Amino acid sequence: MSLLSSRGAPILPTLLALASGSLTVLGFAPFSWFPLAAITLAVFHQSLTNISPRAGFWRGWWFGVGLLGFGVFWIRISLNEFGNMGAWAANLLMALFIAAMALYYGLAGWLFCKLDKGPYWAGPLLLFPGIYVFFEWLRGWLFTGFPWLNLGYTQIDGPLAGYAPIAGVYGVSLLVALSGGLLWGLFQWPVRPRMAAGLGLGAIWLAGVGLQQIDWTHPAGASFRASVLQANIPQSAKWVPDAGVTIAQAYLELTKDHLESDLIVWPETALPDFLDQVRDPLITPLAERAQAEGIEIVLGIPVMDRATGRYYNGLLSIGGREDLYAKRHLVPFGEFMPFKQWLGPLVEMFEVPMSDFSHGTNQRPLLEVGPRLAGVSICYEDAFPNEVAQALPEAQFLINVSNDAWFGDSLAPHQHLEIARMRALENGRFMVRATNTGISAIIDDRGRVIAAVPSFVRGGVAAEVRPLQGLTPYAIVRHWLAIGLALAIVVAGLFAGMLRPAFRDGERMHASFSRCWILDAAAYRLSAIFSVRALPWSVAAVLHRMMYRSDTAEPCHETSMLDCKTCPSGFAARVTRFLPAFFELYMAASARRISSGRLSA
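Summary of the structure given here.

Rules behind the numbers
Residues numbered from 1 in each chain as written. Predicted model: local features only at pLDDT ≥ 70, side-chain atom pairs only at ≥ 80, totals over all residues. Heavy atoms only, no water. 1 Å grid on protein atoms, 1.4 Å probe; cavity = no way out; pocket = protein on both sides within 12 Å on 5 of 7 lines; lining within 4 Å. Points joined across faces, edges and corners; volume = space filled by probe spheres on them. Helix = DSSP H or I, 4+ residues; strand = E, 2+ residues; numbered from the N terminus. Nonpolar A, V, L, I, M, F, W, Y, C, P; charged D, E, K, R; others polar. Pairing = 2+ DSSP bridges. Axes fitted to C-alpha atoms, helices over the stretch in contact; angles between N-to-C directions. Polar contact = N/O pair within 3.5 Å; in protein donor to acceptor, adjacent residues only side chain to side chain. Contact = heavy atoms within 4.5 Å. Expected span 1.5 Å × (residues − 1). Bend = angle between axes of the 7 residues up to and from the residue. Buried < 20%, exposed > 50% of the residue type's maximum accessible area, 1.4 Å probe, protein only. Salt bridge = Lys/Arg side-chain N within 4 Å of Asp/Glu carboxyl O.

So, about empty space enclosed by the protein. Overall, the coordinates contain two cavities of 30 Å³ or more when judged by the stated rule. Looking at the largest cavity, the residues that line it are F44, L48, Y105, A108, G109, F112, F128, I131 and Y132. Of all the elements in the fold, those that place two or more residues in the lining of the largest cavity are α5 (87–115) and α6 (122–139). In terms of residues, the lining of the largest cavity owes the most to one element, α5, which gives four residues. Tallied by class, the residues present in the lining of the largest cavity amount to eight nonpolar, one polar and no charged. The volume enclosed by the second largest cavity comes to roughly 30 Å³. Lining the second largest cavity are P365, G375, V376, S377, V388, A391, L398, I399 and M431.

Attention now moves to the sheet that holds strand β11 (residues 440–443). Spatially, the six strands line up as an open sheet ordered β7-β8-β9-β10-β11-β12, and their pairing is mixed. Only two strands of the sheet have a single neighbouring strand rather than two, namely β7 (366–369) and β12 (449–453). Strand-to-strand twist in this sheet, taken as the mean axis angle between neighbours without regard to direction, amounts to 20 degrees. Two strands pair when backbone bridges link them, and β11 and β12 are joined in this way by four bridges, in the antiparallel orientation. Its bridge partner being in β12, I443 is matched across the sheet by V449.

Let us now look at the side chain of E426. With respect to the helices and strands, the residue E426 is situated in helix α15 (residues 412–427). Side-chain polar atoms of E426 contact the backbone nitrogen of V169, separated by 2.8 Å. Ignoring any residue separated from it by four or fewer positions in sequence, one finds E426 in contact with A164, P165, G168, V169, P385, T472 and Y474.

Let us now look at α6. Compared with the 26 Å implied by 1.5 Å per residue over 18 residues, the 24 Å span of α6 between its first and last C-alpha is a close match. Of all the bends found along α6, the most pronounced is centred on F128 and spans about 30 degrees, while P129, a proline, follows it within four residues. In terms of burial, α6 is largely enclosed, as 16 of its 18 residues are buried.

With that settled, consider the pattern of salt bridges. One pass over the full model with this rule turns up 12 salt bridges. Two residues, D157 and R421, come together in a salt bridge whose shortest N-O distance is 2.6 Å. One end of the pair, D157, is in the loop between α6 and α7 (164–188); the other, R421, is in helix α15, and 264 residues separate them in sequence. Taking relative accessible area as the criterion, D157 reaches 43% and is therefore assigned partly exposed.

On their own, these measurements won't tell you what the molecule is for.
Encoded structure:
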């Protein structure tokens, strides 16, 4: 690694960061090389080692460019091929979007290099994973959010998936980043810390296997048979005038083939006409047939409010009873135009059909499907973990409808299915997922696909769905457990930096991470938070750490700490002068032991 970090070859660490971000994409579907994510994070950490915050920003930014540039290049397809935007404009907007999203990783790199001043273990084990996940979460909600390619999704088929019902996708991301830090330490630390890193890495992954054996939820009644339909309507033909009849006929034929099911789900905007336009000729007869057959049908359809002129991306349930859900979290520039009054000509470049939806007003994503309540999401909504979890505990299963035809034959449909699988696992619920061109699937409560229709195939598939009740730990605390842990370990990393012994090049570092120093440091911080009873240890920790003057790194020869005006030990003594005389005597005794070397490593 000396060559990569040499001043004469600054381009090599930058390429290392770019390559690590690019290769991380192979951890996601359809490749699903889940161990690779920890390896690429270890490489990314290496590219951030011992550099300035400014250099850290650029290396983090290049990591983000590699990750998003290879991971979400399919955005161009929707703009160019289906948004009627010129190739140059679509590529330019895609590049600008990727560059903007990569700023989150640039800021993460800057902050890591700014704060990484503590012990050798604090950076890779505390600061790096905590900062990475914090900015990943920030990217998922700031400015409506873009929570795609979260690191935790790479582990849906790996041992770390066992943590998802506890801490969600962000918790799994935290463990992947921590694994990357441990892996880095496995190659960079001295022998004993290397052994500890290996044991820690093994313990984390083995514990994940154990957690996968736990049933977090339990049955809420008899199983029922569900079918998902995929008519494979080309996106170029979906919004052609008068295409509605042909599309409706395709779904009706597929529905007849699955009348033995208890539930049939059509995809997002399966019908390209507004609900009020097709209610009499199609929806009412279909509802009557469903009721006669004893089945429920859920279908995606646009809904127009004629009184206000607003229209919504809707999900309609018919059969035993009728219920309607309107999509709440819309896709910017695809389903609504943000900042329309300022963007002006740029908005006119978009010719996406139905691109001015209004936000739904449902308080929670629940839909009555016959005698049961389902937690529902439309397309992009299932990428937001907290919003899906809002349906619990009432929802006994989940439904997602989508139309990934916007992104053609790319990575997008596979990545979206991976996201849906994580939502099922986090919440401990089966998910019934219908898409226009693929990949339609039925997913169990452990995130496993039990039945699917391949991409770009017309057909349907059925499987038994078990309604479930109860809450996973994640459904109770949502993402706040993972984000709280991420922030907590960053703060712990800062404390470790504050307690680090002062040293300079060529000078020995006092008590270099001795067991005594670690215990004293922990006691020092804990005493300030929890109990004065540990105060003598905290004072000893201060003195232990500051045995040398911070300016000269020479021993302090003052006989009384209260008389010392230069070294930090004297400062600590004066600050705590108000304490009882017992503690002053304790401090003086500690100082004498330090000067005699009895507390040194």
